[in-house]
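# Fold and contact review
Below, each chain spelled out in residue letters.
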Amino acid sequence: MIEIIPIPAFEDNYIWLIRNQAYAAVVDPGDADPVMEYLQQHDLKLTAILITHHHGDHCGGAKELSLHFNCPVYGPRREKITATTQNVAENDIIALPDVGAEFHVIDVPGHTRGHVAYYGINSLFCGDALFACGCGRLFEGTPEQMQASLAKLAALPDETKVFCAHEYTLDNIRFARIADPDNAALQERETRERQIRAQGLPTLPSTIALEKRTNPFLRWNDTHLIKAASQFAGRPLGSPASIFAAIRQWKDKLD
Ligand code: ZN
Ligand code: FE
């Protein structure tokens, strides 16, 4: 049976560990130490590392882990990451027979130029592209790119579990409630996520269905969001990319 376990790192990162019997894979190991500790405690052999993008909090521990376990490191072809041993891009399929999983690579540029996401076993590992009720900042890409990337993720099956790399949910909800104040599903989500955080538990994984209902960065077709984004921009907005861009700017201004 496959289990997916969050390993907390730094302030608010999650390194996701996929385990099956004695084997494991990890996604975005920014720090090797907590991963090594978990693997040793549970007597697991690491057989693969997946990296979504080049930021240090996602790949900083990859080299050490791959040398120790002599395992491959899958990373985006369009980014220079020294730990990467297997370059991947959209339409590639990664077979991990030891953990009994297969992942499809999806290009999701926007946060960084070459950012990828991994989709398989009904789960999406999306790094800093899509967050619970939010999305990554546009450090290297354009709003057009990011909106197109998020549209690809939104098109995945509703029941897909969303494993983002940071615990940003409550902060993101604070902004979402400003942009989308009348959304009942969002209000319910806020209540639920607050309870979860009060118990010190992760709010992840989320699901694609929940994100489509409550994440303002996926709701460019919703009349309330179109109106709110247009008000922020001071002119009527029509295209999904322009609505997304205004909402992203709005949140950046308040952060
Ligand atoms: Zn990042
Ligand atoms: Fe990050």
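Residues numbered from 1 in each chain as written. Chains lettered and ligands numbered in written order. Predicted model: local features only at pLDDT ≥ 70, side-chain atom pairs only at ≥ 80, totals over all residues. Heavy atoms only, no water.

### Let's talk about the coordination of the iron ion (ligand 2)
The coordination sphere of the iron ion (ligand 2) contains the protein donors Asp57 (OD), His58 (NE2), Asp128 (OD) and His166 (NE2), at a distance range of 2.1 to 2.4 Å. Coordination at the iron ion (ligand 2) comes from four donor atoms whose angles at the metal span 85 to 164 degrees, giving a geometry best classed as irregular. Mapped onto the sequence, the residues coordinating the iron ion (ligand 2) show the spacing D-H-x69-D-x37-H. Taken as a pair, the iron ion (ligand 2) and the zinc ion (ligand 1) show a spacing of 3.3 Å, with Asp128 coordinating each metal. (Donors = N, O, S within 2.8 Å, 3.2 Å for Na, K, Ca; no water. Tetrahedral: all angles 85-135°; square planar, octahedral: opposite > 155°, others 65-115°.)

### Remarks on the packing of helix H5 (residues 169-179) against helix H9 (residues 240-254)
Their axes nearest at 11 Å, the elements H5 and H9 cross at an angle of 120 degrees. Here H5 lies oblique to H9, going by the angle between them. The two elements H5 and H9 cross, and the hand of that crossing is right-handed. Between H5 and H9, the contacting residues are Asn172, Phe175, Ile178 and Ala179 on the first element and Ile247, Trp250, Lys251 and Leu254 on the second. Residues belonging to the contact of H5 with H9 are distributed by class as follows: six nonpolar, one polar and one charged. (Axes fitted to C-alpha atoms, helices over the stretch in contact; angles between N-to-C directions. Helix = DSSP H or I, 4+ residues; strand = E, 2+ residues; numbered from the N terminus. Parallel < 35°, antiparallel > 145°, perpendicular 65-115°, else oblique. Left-handed = near helix turned anticlockwise from the far one by under 90°. Contact = heavy atoms within 4.5 Å. Nonpolar A, V, L, I, M, F, W, Y, C, P; charged D, E, K, R; others polar.)

### Quick notes on the coordination of the zinc ion (ligand 1)
Those protein atoms acting as donors to the zinc ion (ligand 1) are His53 (NE2), His55 (ND1), His111 (NE2) and Asp128 (OD), and they sit at 2.2 to 2.3 Å. Because the angles between the four donor atoms bound to the zinc ion (ligand 1) fall within 87 to 173 degrees, the donor set is best described as irregular. Mapping the donors of the zinc ion (ligand 1) onto the primary sequence yields the spacing H-x1-H-x55-H-x16-D.

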